[in-house]
Amino acid sequence: MNIVAISGSLRKNSFNTALVRSLQALAPEGMTISIADLSTIPLYNQDDEIEFPAAAKAFKATLEAADGIIIATPEYNRSIPGVLNNAIDWASRPYGKNSFARKPVLLMGVSVGKIGTAVAQSHLRHILSYLDANVIGQPELYLGPAHDIFDEEGNLTDTSTKDYLAKALETLKSRAA
Ligand SMILES: Cc1cc2nc3c(=O)[nH]c(=O)nc-3n(C[C@H](O)[C@H](O)[C@H](O)COP(=O)(O)O)c2cc1C
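What counts, and where the lines are drawn
- Residues numbered from 1 in each chain as written.
- Predicted model: local features only at pLDDT ≥ 70, side-chain atom pairs only at ≥ 80, totals over all residues.
- Heavy atoms only, no water.
- Axes fitted to C-alpha atoms, helices over the stretch in contact; angles between N-to-C directions.
- Helix = DSSP H or I, 4+ residues; strand = E, 2+ residues; numbered from the N terminus.
- Parallel < 35°, antiparallel > 145°, perpendicular 65-115°, else oblique.
- Contact = heavy atoms within 4.5 Å.
- Nonpolar A, V, L, I, M, F, W, Y, C, P; charged D, E, K, R; others polar.
- Pairing = 2+ DSSP bridges.
- Right-handed = clockwise from strand over helix to strand, strands pointing away.
- Expected span 1.5 Å × (residues − 1).
- Buried < 20%, exposed > 50% of the residue type's maximum accessible area, 1.4 Å probe, protein only.
- Arc of directions from axis to C-beta.
- Near = heavy atom within 4 Å.
- Polar contact = N/O pair within 3.5 Å; in protein donor to acceptor, adjacent residues only side chain to side chain.
- Areas by Shrake-Rupley, 256 points an atom, 1.4 Å probe, with all protein chains shown as cover.
- Core = buried A, V, L, I, M, F, W, Y, C linked by side-chain atoms within 4.5 Å.
- Phe/Tyr/Trp six-rings, centres within 6.5 Å; stacked < 30°, edge-to-face > 60°.

Colleague: Whenever I open this one, the packing of helix α2 (residues 54-65) against helix α3 (residues 82-91) confuses me. Can you help?
Modeller: Pairs of packed helices are described in terms of their axes, by the angle between the two and the distance that separates them. At their nearest, the axes of α2 and α3 sit 9 Å apart, and the two run at 75° to each other. Classified by the angle between their axes, α2 and α3 sit roughly perpendicular to one another. Across the interface between the two elements, Ala56, Phe59, Lys60 and Leu63 from α2 touch Ala87, Trp90 and Ala91 from α3. The residue inventory of the contact of α2 with α3, partitioned by class, reads six nonpolar, no polar and one charged.

See below:
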């Protein structure tokens, strides 16, 4: 089973990118998790749909080839980062060729704040439901505060968070089968 994981942060020491990396070691048997790179995707411009930019085209192809998708989003100003929204806009186009349609999607996010991306993920659910994605309702993964669950090198060290994530990956596995 081929799962693609997306981090909504471009920051080198991003907790959300560290989170998707940590999933690779927690994946159940038979599941491979690869990480998509949003850094090369240009800003969406409808004029460019005539000839999709290579990075946007590659991102769509990655989603379409995947059995399921994981999105780890930071919360920016109580919503999702523009970088993530931009990538989703590209993947949703051209009209009628939305790459999220019917894909099982597991959401998660880690924040330095105490409510751990709950508002951002709620916005993201709204977008993905419009895009007809098969978004997993439970478990909800509002993780953090980041400094309590990662060490200084960005390794996920909190055992209960690891257990919770491993169970969530099992749910994704059953949904994507
Ligand atoms: C523009 C901006 C807005 C932010 N807004 C929120 C917010 O609304 N809620 C929150 O919990 N954290 C907020 N933060 C703090 C992020 O949780 C923190 O920067 C986090 O580390 C970002 O994720 P990353 O480590 O994956 O880059 C904000 C950070 C930035 C840069």
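Colleague: Quick question: what am I supposed to make of the pairing of strand β2 (residues 32-36) here?
Modeller: Across five bridges, the pairing between strand β1 (residues 2-7) and β2 is parallel. Bridge assignment links Ala5 to a residue of β2, and that residue is Ile35. In this fold, β1 hands off to helix α1 (residues 15-26), which returns the chain to β2; that crossover is right-handed.

Colleague: When you look at helix α4 (residues 118-130) in this model, what are you seeing that I'm missing?
Modeller: Quick reminder: α-helices carry 3.6 residues per turn. Residues three or four places apart thus point the same way. Look at α4: 19 Å from first C-alpha to last across 13 residues, which is about the 18 Å you get at 1.5 Å a residue. If you check which residues of α4 are buried, you get Ala120, Gln121, Leu124, Arg125 and Leu128. Looking down the long axis of α4, one finds its buried residues gathered within 140° of arc, a one-sided arrangement. Along α4, the residues that are exposed and aim more than 90 degrees away from the buried face are His126, Ser129 and Tyr130. Lining the buried residues of α4 we find β3 (68-72), α3, β4 (104-110), β5 (134-135) and β6 (142-143).

Colleague: For this particular structure, what's the right way to read the environment of Ala168?
Modeller: Secondary-structure assignment places Ala168 in helix α6 (residues 159-176). Once the C-alpha coordinates of Ala168 and Ala146 are considered, the two residues, 22 residues apart in sequence, prove to be 19 Å apart. Leave out the neighbours within four places in its chain, and Ala168 touches Leu106, Pro139 and Leu141.

Colleague: Help me out: how do you make sense of the site of the ligand in this one?
Modeller: Contacts to the ligand come from Ser9, Arg11, Ser14, Phe15, Asn16, Pro74, Glu75, Tyr76, Asn77, Arg78, Ser111 and Val112. The side chain of Ser111 places a nitrogen or oxygen atom 2.6 Å from an oxygen atom of the ligand. If the ligand stood free it would expose 620 Å²; the protein chains cover 73% of that surface. Along the lines of polarity and charge, the residues of the shell around the ligand split into four nonpolar, five polar and three charged.

Colleague: It is not clear to me how the nonpolar core should be interpreted in this structure. Could you clarify?
Modeller: Proteins that are soluble and globular tend to have nonpolar side chains buried together. With 28 residues, the main nonpolar core has Ile6, Phe59, Ile71, Phe100, Val105 and Leu128 as its most contacted residues. For this core, the secondary-structure elements that each account for two or more residues are β1, α2, β3, α3, β4 and α4. Per element, the largest residue contribution to this core is five residues, and it comes from α3. Beyond its immediate stretch of four places on either side in the chain, Leu128 contacts Ile71, Phe100, Val105, Leu107, Ala133 and Val135. Formed by 26 residues, the second largest nonpolar core is a distinct cluster that contains Phe15, Ala72, Leu106 and Leu141.

Colleague: So what exactly am I meant to see when it comes to the packing of aromatic side chains here?
Modeller: Describing an aromatic ring pair means giving the distance of the ring centres and the angle of the ring planes. This structure, assessed with the given rule, holds three aromatic pairs. Look at Phe15 and Phe150: their rings are 5.6 Å apart centre to centre, the planes differ by 35°, and that puts the pair in the tilted class. Within this pair, whereas Phe15 is found in helix α1, its partner Phe150 is found in the loop between α5 (146-149) and α6, the two being separated by 135 residues in sequence. Consider the rings of Phe52 and Trp90, whose centres lie 5.2 Å apart with planes at 65°: the pair is edge-to-face. Of this pair, Phe52 sits in the loop between β2 and α2 while Trp90 is found in helix α3, placing the two residues 38 residues apart along the sequence. In this structure an aromatic cluster arises from ring pairing among Tyr44, Phe52 and Trp90.

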